[in-house]
Amino acid sequence: MICLKICKDSTAEDLEPIASAVHSLLGIPTTIRSVNGKGIRMERGEVVDWDYTGPILEKVLEDKITIRTVPKEGVYKGKAVAVTPIKTPDGEIVGAIGVVDLVAALDILSVFREYPDIIDEVEEAKKRHT
């Protein structure tokens, strides 16, 4: 039987199945690292860096909180990212995982301008549920 376990010393290879699952599910750039080791960066269905860390992954490990921001440096400089700590059931931080935050990057107003029917659908749904 195969069992995935993550600890503070997990290697990039140990973390690859988790990054791959998240990346396949969301289809967006995904990064992951453990507390004591560098991790991986996945884009377009493949690992593009097996020795990866980034400024927001490191900040999440330091501050122990989820961070949504636009980095001022690193590979994803200028792009919205969301990064969260990976915790054990008793709250110990063992790593961090992040994605490029496409929702934050969307210009919602332009989406609604281009697809005015969305507003009508939302209004109809509200009426049905009240």
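Residues numbered from 1 in each chain as written. Predicted model: local features only at pLDDT ≥ 70, side-chain atom pairs only at ≥ 80, totals over all residues. Heavy atoms only, no water.

The name given to the protein chain in an unreviewed UniProt entry is DUF2111 domain-containing protein, with the source organism recorded as Methanohalophilus halophilus.

This brings us to unusual backbone geometry. In this structure, Arg44 takes a positive phi of about 50° despite not being glycine. Examined against the element boundaries, Arg44 turns out to sit in the loop between β2 (39-43) and β3 (46-52). Owing to a relative accessible area of 77%, Arg44 belongs among the exposed residues under this scheme. (Helix = DSSP H or I, 4+ residues; strand = E, 2+ residues; numbered from the N terminus. Buried < 20%, exposed > 50% of the residue type's maximum accessible area, 1.4 Å probe, protein only.)

Counted under the stated rule, the structure contains 5 salt bridges. A salt bridge links Arg68 to Asp101; the nearest nitrogen and oxygen atoms lie 3.7 Å apart. Pair noted here: Arg68 is in strand β4 (residues 67-69) and Asp101 is in the loop between β6 (93-100) and α3 (102-105), with a separation of 33 residues, a long-range link. Given the relative accessible area of 62%, Arg68 is considered exposed. (Salt bridge = Lys/Arg side-chain N within 4 Å of Asp/Glu carboxyl O.)

Our next topic: helix α1 (residues 12-26). Along its 15 residues, α1 runs 20 Å from first to last C-alpha, staying within 8% of the 21 Å computed at 1.5 Å per residue. At Ile18, α1 shows its maximal kink, close to 30°. Every buried residue of α1 is listed here: Ala12, Leu15, Ala19 and His23. On its buried side, α1 packs onto β1 (30-34), β2 and β3. Looking at the residues trailing α1, positive phi occurs at Gly27, about 70°. (Expected span 1.5 Å × (residues − 1). Bend = angle between axes of the 7 residues up to and from the residue. Contact = heavy atoms within 4.5 Å.)

A few words on helix α2 (residues 55-63). Listing the buried residues of α2 in full gives Ile56, Leu57, Val60 and Leu61. Along the axis of α2, the buried residues cluster in a sector spanning 145°; they form a single face. Elements in contact with the buried residues of α2: β1, β3, β4, β5 (81-87) and β6. In the segment just after α2, Lys64 is the residue with positive phi, at about 65°. (Arc of directions from axis to C-beta.)

Bringing the environment of Arg33 into the picture now. Residue position: Arg33 is located in strand β1. Given the relative accessible area of 10%, Arg33 is considered buried. Aside from chain neighbours lying at most four places away, what touches Arg33 is Leu15, Lys38, Gly39, Tyr52, Thr53, Leu57, Glu58, Leu61, Gly95 and Ala96.

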